[in-house]
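Structural overview
Okay, here's what each chain looks like letter by letter:
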Amino acid sequence: LVSLTVWGLFLAHGFGQSQDADAESDWFTLEPGDLWAFEDPAGKMSIRVLEEIDVGEGKGRAHKVGWFMEGQETPYQVEYWRKDGPDYLVVGREIGGRVLIFDEPYLFLTEGVKSGDAWQSAIKFGGRELVLNFSAGEKETIETGVGTFEAIKISVKGPPQSVERW
């Protein structure tokens with residue numbers, strides 16, 4: 001269903017802001033060609049906005065986003081994201097070569113999150129529902145191979161596992 005490890009990683013990078021960035025728009029936009037690179041215990045990865053498309057089924061337009069392992073030209077995961085005001089929503093994903101559009105887009109990221117914030121998001125598809133609970137911890141200074149960031153620890157709890165990332 002959903003790899004919470006990947007969600008946790010993305011949330012960490014979405015909420016962390018480089019000390020060199022001028023504004024949030026500098027570090028999280030949804031334009032074709034945008035790329036975020038990061039490292040996880042599984043290795044070096046990147047997330048790339050591939051294109052903006054009409055996802056059909058009356059769901060409007062969304063950005064096709066690929067998740068890549070270092071050195072790979074083909075994404076290991078593809079999702080469809082849309083920005084709605086301050087919120088970033090997942091409209092669907094590709095699984096086994098098929099595009100699956102969710103019954104309703106679900107919230108995976110919002111701008112302006114603060115320590116102590118919490119939210120719940122449900123992934124609904126084909127009569128099934130998976131509930132994810134998000135909570136924002138304290139702001140911390142994180143040093144990485146690409147710079148120093150002020151980041152908020154995000155906990156994601158839900159089946160099949162729970163993760164914490166910055």
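The model shown is predicted, which means the values in this text are computed figures rather than measured ones. (Residues numbered from 1 in each chain as written. Predicted model: local features only at pLDDT ≥ 70, side-chain atom pairs only at ≥ 80, totals over all residues. Heavy atoms only, no water.)

**So, the overall build of the protein chain**
A count of helices and strands for the protein chain gives 2 helices and 11 strands. For the protein chain, the α and β elements follow one another from N to C terminus as α-β-α-β-β-β-β-β-β-β-β-β-β. Within the protein chain, the proportion of its 166 residues that are buried is 42%. Working note: accessible area of the protein chain is about 8800 Å², and carbon and sulfur atoms make up 47% of it. (Helix = DSSP H or I, 4+ residues; strand = E, 2+ residues; numbered from the N terminus. Buried < 20%, exposed > 50% of the residue type's maximum accessible area, 1.4 Å probe, protein only. Areas by Shrake-Rupley, 256 points an atom, 1.4 Å probe, with all protein chains shown as cover.)

**A word on the nonpolar core**
By size, the foremost hydrophobic cluster in this structure holds 28 residues, and its most contacted members are Ile-47, Trp-81 and Phe-108. Those elements giving two or more residues to this core turn out to be β2 (35-40), β3 (43-54), β4 (61-69), β6 (87-95), β7 (98-110), β8 (118-125), β9 (128-144) and β10 (147-157). Per element, the largest residue contribution to this core is 5 residues, and it comes from β7. The next biggest cluster of nonpolar side chains, apart from the first, holds 7 residues, and it includes Ile-53, Val-78, Val-91 and Ile-101. (Core = buried A, V, L, I, M, F, W, Y, C linked by side-chain atoms within 4.5 Å.)

**Things to note about the pairing of strand β5 (residues 77-84)**
Where β4 meets β5, 5 bridges bridge the pair, whose relative direction is antiparallel. Its bridge partner being in β5, Lys-64 is matched across the sheet by Tyr-80. Bridge analysis of β5 against β6 gives 7 bridges, and the strand direction is antiparallel. Paired with Lys-83 across the bridge in β6 is Tyr-88. Turn length for the β5-β6 hairpin, with the two strands adjacent in sequence and antiparallel, is 2 residues, and the turn residue Gly-85 shows positive phi of about 65°. (Pairing = 2+ DSSP bridges.)

**So, the pattern of salt bridges**
Enumeration over the complete set of coordinates arrives at 6 salt bridges. Of the charged contacts in the structure, one is a salt bridge between Arg-93 and Glu-79, with a shortest N-O distance of 2.4 Å. Separated by 14 residues along the polypeptide, Arg-93 in strand β6 and Glu-79 in strand β5 bring together distant segments of the chain. Judged by its relative accessible area of 6%, Arg-93 falls in the buried class. Close ionic contact of Lys-124 with Glu-129 constitutes a salt bridge, the shortest N to O distance being 3.9 Å. Look at the salt bridges and you will find they share partners, linking Glu-104, Lys-124 and Glu-129 into a network. (Salt bridge = Lys/Arg side-chain N within 4 Å of Asp/Glu carboxyl O.)

**Thoughts on the side chain of His-63**
Mapped onto the elements of the fold, His-63 is located in strand β4. Aside from chain neighbours lying at most four places away, what touches His-63 is Leu-30, Pro-32, Val-49, Glu-51, Glu-52, Glu-79, Tyr-80 and Trp-81. (Contact = heavy atoms within 4.5 Å.)

**Here we look at the packing of aromatic side chains**
Applying the stated criterion across every chain yields a total of 5 aromatic pairs. Ring plane angle 45° and centroid distance 4.9 Å describe the contact between Trp-81 and Phe-108, whose orientation is recorded as tilted. Placement of the pair is Trp-81 in strand β5 and Phe-108 in strand β7, with a sequence separation of 27 residues. In this structure, Trp-81 and Phe-108 share a single accessibility class: buried. (Phe/Tyr/Trp six-rings, centres within 6.5 Å; stacked < 30°, edge-to-face > 60°.)

**What to know about the pairing of β6**
Pairing of β6 with β7, which is carried by 8 bridges, proceeds in the antiparallel orientation. Bridged to Arg-93 within β7 is Leu-100. Hairpin connection, β6 to β7: the antiparallel pair is bridged by 2 residues, and Gly-96 has positive phi, about 60°.

**Structural notes on the confidence of the model for the protein chain**
Per-chain confidence: the protein chain averages 78 in pLDDT, with 83% of residues scoring 70 or above. The secondary structure element of the protein chain with the lowest average pLDDT is strand β1 (residues 17-18), at 35, and the one with the highest is β4, at 93. Counting contacts from residues 1-27, a segment whose pLDDT is below 50, to residues more than four positions away or on other chains yields 80 contacts. (pLDDT = per-residue confidence, 0-100.)

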